[in-house]
Amino acid sequence: MPGTFITFEGIDGSGKSTQLRLLGNFLRANGCDALLTREPGGTTLGLRLRAALLDAMEEVDPLTELLVFAADRAQHVRRMLRPALAAGRVVISDRYADATVAYQGAGRGFSPELISQIVQLATEGLKPDLTLLFDLSIDESTNRTARRSTGKNAGKVPRDRLDIEHADFHTRVRDAYLQIALREPERVKLIETSGPVECTQERVREIIVPYLQSRGHLAMNYVR
Ligand code: TYD
């Protein structure tokens, strides 16, 4: 059975990490041992790169940022993703190369040609089979990320260096993600996330369940 590579993408505050956790529980309960991972920080080296990249006190030059995300990805692809896919596993990553197109390309303004070269170098051509793009308005995203630092969860989830970019940065990132979805409708499925977490999870399963069943990773009579 071939492995299956799925990615979750979206602007900050889109709730994709919560959705990934819920989906992981559901898949495990149904005997599908999916590998859940993330970028940046899927590997032990990546965790150290992540801490440096997202530290709000660190002044990271945009070119350095682009290259460190790429370094994290190269380590992730070679040491974790490829071996797991070769072993036939389902791998779901919280962010992957589309994030570089959106954040470093549209957000920071690096040219599409440079972004595509760096992405190709880091991924060696490994593309997701399926991508879920979690979308919500910039206003709602700003409210959610602000609540992380002032609400009852204040301090538990510190705002990172990219969270605190201005709204126009996040608008460019969101637009770039939406363009990717328009360009590649077969691979990228858009999920609107302004409603309750459970409703969004329903939409996630409506897409993921038949997809994994069709590839032989999930039984036809699964438990909800
Ligand atoms: P993430 O862990 O998804 O943060 P959150 O849970 O707050 O959404 O991602 C961390 C940040 O890294 C996020 O702001 C997006 C950014 N990022 C890039 O700018 N380029 C990349 O290639 C990747 C993978 C992430």
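Refer to the preceding data block for the structure.
Just so it is clear, the model here is predicted, and its values are computed rather than measured. (Residues numbered from 1 in each chain as written. Predicted model: local features only at pLDDT ≥ 70, side-chain atom pairs only at ≥ 80, totals over all residues. Heavy atoms only, no water.)

A. Quick look at the environment of Leu 130. Structurally, the position occupied by Leu 130 is in strand β4 (residues 130–135). Those residues within four positions of Leu 130 in sequence are excluded, and the remaining contacts are Phe 5, Ile 6, Thr 7, Arg 187, Lys 189, Ile 207, Ile 208 and Tyr 211. (Helix = DSSP H or I, 4+ residues; strand = E, 2+ residues; numbered from the N terminus. Contact = heavy atoms within 4.5 Å.)

B. Examining the nonpolar core more closely. In terms of nonpolar packing, the biggest core is built from 20 residues, with Phe 8, Leu 27 and Ile 92 touching the most fellow members. Sorting the residues of this core by element identifies β1 (4–10), α1 (16–29), β3 (90–94), β4 and α8 (197–214) as the ones contributing at least two each. Top element by residues in this core is α8. It accounts for 5 residues. Core analysis: the second largest hydrophobic core is formed by 18 residues, Ala 99, Tyr 103, Leu 136 and Ala 181 among them. (Core = buried A, V, L, I, M, F, W, Y, C linked by side-chain atoms within 4.5 Å. Buried < 20%, exposed > 50% of the residue type's maximum accessible area, 1.4 Å probe, protein only.)

C. The site of the ligand, seen in detail. Of all residues adjacent to the ligand, which total 18 residues, the nearest are Asp 12, Lys 16, Arg 95, Thr 100 and Gln 104. In the model, an oxygen atom of the ligand is placed 2.8 Å from a nitrogen or oxygen of the Lys 16 side chain. Within the side chain of Gln 104, one N or O atom sits 2.8 Å away from a nitrogen atom of the ligand. When isolated, the ligand has an accessible area of 550 Å², and the protein chains bury 95% of it. Looking at the shell around the ligand, the elements that each hand over two or more residues are α1, α2 (44–54), α3 (62–86) and α4 (97–107). By residue number, the principal contributor to the shell around the ligand is α4, which donates 4 residues. Grouping the amino acids of the shell around the ligand by side-chain chemistry returns 6 nonpolar, 3 polar and 9 charged. (Near = heavy atom within 4 Å. Polar contact = N/O pair within 3.5 Å; in protein donor to acceptor, adjacent residues only side chain to side chain. Areas by Shrake-Rupley, 256 points an atom, 1.4 Å probe, with all protein chains shown as cover. Nonpolar A, V, L, I, M, F, W, Y, C, P; charged D, E, K, R; others polar.)

D. Examining the pairing of strand β2 (residues 35–38) more closely. Judged by which residues are buried, β2 turns out to be one-sided: Leu 35 and Thr 37 face inward and are buried, whereas Leu 36 and Arg 38, on the alternate face, are not. With 4 bridges joining them, β2 and β3 adopt parallel strand pairing. Across the sheet, Leu 35 pairs through a bridge with Val 91, a residue of β3. (Pairing = 2+ DSSP bridges.)

E. Up close: the pattern of salt bridges. Per the stated rule, a full pass over the model turns up 13 salt bridges. Measuring nitrogen to oxygen at the nearest pair gives 2.8 Å for the salt bridge that ties Asp 94 to Lys 16. One end of the pair, Asp 94, is in strand β3; the other, Lys 16, is in helix α1, and 78 residues separate them in sequence. Judged by relative accessible area, Lys 16 falls into the buried class, the value being 8%. Ionic pairing is found between Arg 73 and Glu 39, a salt bridge with its closest N-O pair at 2.6 Å. Placement of the pair is Arg 73 in helix α3 and Glu 39 in the loop between β2 and α2, with a sequence separation of 34 residues. (Salt bridge = Lys/Arg side-chain N within 4 Å of Asp/Glu carboxyl O.)

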